[in-house]
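# Structural overview for review
Read off the chains here:
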Amino acid sequence: MLKVLLQLNKIEGDQKDKDIKAFRDTMQNIQKFAQQADAALNTFIKSEENWFYSTLLKAIR
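The numbering scheme is per chain: residues are counted from 1 as the chain's sequence reads. Given that the model is predicted, a residue must reach a pLDDT of at least 70 before its local features are reported, and side-chain atom pairs must reach 80 or more before they are shown or counted; all residues, however, enter totals for whole chains, interfaces and linings. Hydrogens are left out, water is left out, and the side-chain values use all remaining heavy atoms of the structure.

## Brief notes about the overall build of the chain
To qualify as a helix, a DSSP run of H or I must reach at least 4 residues; to qualify as a strand, a run of E must reach at least 2; elements of each kind are numbered from the N terminus. If you tally the helices and strands in the chain, you get two helices and zero strands. Its C-alpha atoms give the chain a radius of gyration of 20 Å, clearly above 10 Å, the size a compact globule of 61 residues would have. Principal axes of the C-alpha set define a box for the chain whose edges measure 65 × 15 × 10 Å. Relative accessibility thresholds used throughout: buried, under 20% of the residue-type maximum; exposed, over 50%; partly exposed, between the two (1.4 Å probe, protein chains only). Counting only residues that meet the buried cut, the chain has 10% of its 61 residues in that class. All accessible-area figures derive from a Shrake-Rupley calculation using a 1.4 Å probe, and residue coverage is judged against the displayed protein chains alone. Accessible surface for the chain amounts to roughly 5,600 Å². Of this, 61% is attributable to carbon and sulfur atoms. Counting rule for charge: Lys and Arg are taken as positive, Asp and Glu as negative, and neither His nor the chain ends is counted. A charge is said to be at NZ when it belongs to Lys, at CZ for Arg, at CG for Asp and at CD for Glu. For the chain, the distance from the average site of its 10 positive side-chain charges to the average site of its 8 negative ones is 7 Å. We compute the radius of gyration from the C-alpha atoms alone; for a globule the expected value is 2.2 Å times N to the 0.38, where N is the number of residues.

Laid out in C-alpha coordinates, this is it:
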(Lines give C-alpha, C1' and ligand atoms only; values in the text may rest on other atoms or scores of the structure.)
Protein backbone atom coordinates (compact mmCIF):
# COMPACT_ATOMS: atom_id res chain seq x y z
CA MET A 1 0.00 0.00 0.00
CA LEU A 2 2.83 2.40 0.79
CA LYS A 3 4.20 1.79 -2.71
CA VAL A 4 0.88 2.83 -4.23
CA LEU A 5 0.84 6.01 -2.17
CA LEU A 6 4.36 6.84 -3.34
CA GLN A 7 3.29 6.33 -6.97
CA LEU A 8 0.18 8.46 -6.52
CA ASN A 9 2.29 11.21 -4.97
CA LYS A 10 4.37 11.35 -8.16
CA ILE A 11 1.42 12.29 -10.37
CA GLU A 12 2.66 14.71 -12.98
CA GLY A 13 0.83 17.77 -14.12
CA ASP A 14 0.79 21.52 -13.94
CA GLN A 15 2.20 22.35 -10.52
CA LYS A 16 0.21 25.59 -10.54
CA ASP A 17 -3.10 23.76 -10.93
CA LYS A 18 -4.89 23.95 -7.59
CA ASP A 19 -6.54 20.54 -8.03
CA ILE A 20 -3.23 18.79 -8.67
CA LYS A 21 -1.63 20.60 -5.75
CA ALA A 22 -4.53 19.63 -3.46
CA PHE A 23 -4.32 16.02 -4.66
CA ARG A 24 -0.56 15.84 -4.02
CA ASP A 25 -0.93 17.47 -0.59
CA THR A 26 -3.66 14.98 0.32
CA MET A 27 -1.52 12.05 -0.87
CA GLN A 28 1.43 13.31 1.20
CA ASN A 29 -0.77 13.57 4.30
CA ILE A 30 -2.19 10.07 3.76
CA GLN A 31 1.34 8.73 3.20
CA LYS A 32 2.59 10.30 6.45
CA PHE A 33 -0.37 8.85 8.34
CA ALA A 34 0.19 5.40 6.83
CA GLN A 35 3.87 5.47 7.78
CA GLN A 36 3.06 6.51 11.35
CA ALA A 37 0.41 3.79 11.64
CA ASP A 38 2.86 1.22 10.25
CA ALA A 39 5.52 2.24 12.78
CA ALA A 40 3.00 2.09 15.64
CA LEU A 41 1.86 -1.38 14.60
CA ASN A 42 5.44 -2.61 14.35
CA THR A 43 6.13 -1.31 17.86
CA PHE A 44 2.99 -3.01 19.16
CA ILE A 45 3.89 -6.31 17.49
CA LYS A 46 7.39 -6.24 18.96
CA SER A 47 6.02 -5.49 22.43
CA GLU A 48 3.58 -8.40 22.09
CA GLU A 49 6.46 -10.69 21.07
CA ASN A 50 8.54 -9.53 24.05
CA TRP A 51 5.60 -10.05 26.38
CA PHE A 52 5.02 -13.55 25.01
CA TYR A 53 8.67 -14.56 25.30
CA SER A 54 9.07 -13.13 28.81
CA THR A 55 5.90 -14.93 29.94
CA LEU A 56 7.13 -18.15 28.35
CA LEU A 57 10.50 -17.85 30.07
CA LYS A 58 8.80 -17.24 33.43
CA ALA A 59 6.65 -20.35 32.91
CA ILE A 60 9.69 -22.46 32.05
CA ARG A 61 11.55 -21.42 35.22
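Now that the structure has been shown, we can carry on.
## What to know about a nonpolar patch on the surface
On the surface, Val4, Leu8, Ile11 and Phe23 cluster together to form a nonpolar patch covering roughly 290 Å² of accessible area. Within the secondary structure layout, Ile11 lies in the loop between α1 (2-9) and α2 (18-60). Nonpolar side chains (Val, Leu, Ile, Met, Phe, Trp, Tyr) are joined into patches within 5 Å and like charges within 9 Å, using only residues with over 30% relative accessible area and no salt bridge. Salt bridge, as used here: a side-chain nitrogen of Lys or Arg that lies within 4 Å of a carboxyl oxygen of Asp or Glu.

## Some remarks on the side chain of Gln31
Following the sequence through the fold, Gln31 ends up in helix α2. Contact definition: two residues touch when any of their heavy atoms are within 4.5 Å. For Gln31, the contacting residues outside a window of four places in its chain are Leu5, Leu6 and Asn9.

## Comments concerning the environment of Gln28
Structurally, the position occupied by Gln28 is in helix α2. Along the sequence, Gln28 and Asp14 sit 14 residues apart, while their C-alpha atoms lie 17 Å from each other.

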